[in-house]
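Observations on the three-dimensional arrangement
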Amino acid sequence: MPKVLTNAEIEYYHHNGYLSPIDLLSTEEVNFCLQSFEAIEKQFGGEMNTHELRHKPHLIMGWADRLVHNPKNSRSS
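All residue numbers refer to positions counted from 1 along the written sequence of the respective chain. A pLDDT threshold of at least 70 governs which residues receive local features in this predicted model, and a stricter bar of 80 or more applies before side-chain atom pairs are shown or counted, although totals over entire chains, interfaces and linings include all residues. Working from all heavy atoms in the structure, the side-chain values ignore hydrogens and water.

1. Let's talk about the nonpolar core
Listed in full, the 5 residues of the largest apolar core are C33, I40, M61, W63 and A64. Every element with two or more residues in this core is listed here: α2 (27-43) and α4 (62-68). For this analysis, residues touch if any pair of their heavy atoms sits within 4.5 Å. The residues contacting C33, other than those within four sequence positions of it, are W63 and L67. Buried Ala, Val, Leu, Ile, Met, Phe, Trp, Tyr and Cys residues form a nonpolar core when they are joined through side-chain atoms within 4.5 Å. Using a 1.4 Å probe on the protein chains alone, a residue whose accessible area is under 20% of its type maximum counts as buried, one over 50% counts as exposed, and one in between counts as partly exposed. Only runs of H or I of at least four residues qualify as helices and only runs of E of at least two qualify as strands under DSSP, and these elements are numbered from the N terminus.

If you want it as structure tokens, here you go:
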């Protein structure tokens, strides 16, 4: 995977300990993830409190798996 961070971004990260914003998802993708997350919370009556839902949710929720494995997440520093 080629390096996609600029030298300025790398320097900013090393100085501040974070880099933001990073454009990973389209507005439609963000809305889909939010709606999917809210639907799960509604289905289970509130916050995702159970161990099964909080521990590796990408294993049981397809939308979360796609989010975790989004190729844009592979930014190098």
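2. Some thoughts on the packing of aromatic side chains
Working definition: a ring pair exists when centres of Phe, Tyr or Trp rings (six-membered ring for Trp) sit within 6.5 Å. Plane angles under 30 degrees give stacked, over 60 give edge-to-face, the rest tilted. Scanning all chains against the criterion turns up 1 aromatic pair. Here the aromatic rings of Y12 and Y18 are separated by 5.7 Å at their centres, their planes lie at 90 degrees, and the arrangement is edge-to-face. The exposure class of Y12 is partly exposed, given its relative accessible area of 34%.

3. A look at unusual backbone geometry
For the bond running from S20 to P21, omega is -5 degrees, close enough to zero to count as cis. When you line up the elements, P21 lands in the loop between α1 (7-16) and α2.

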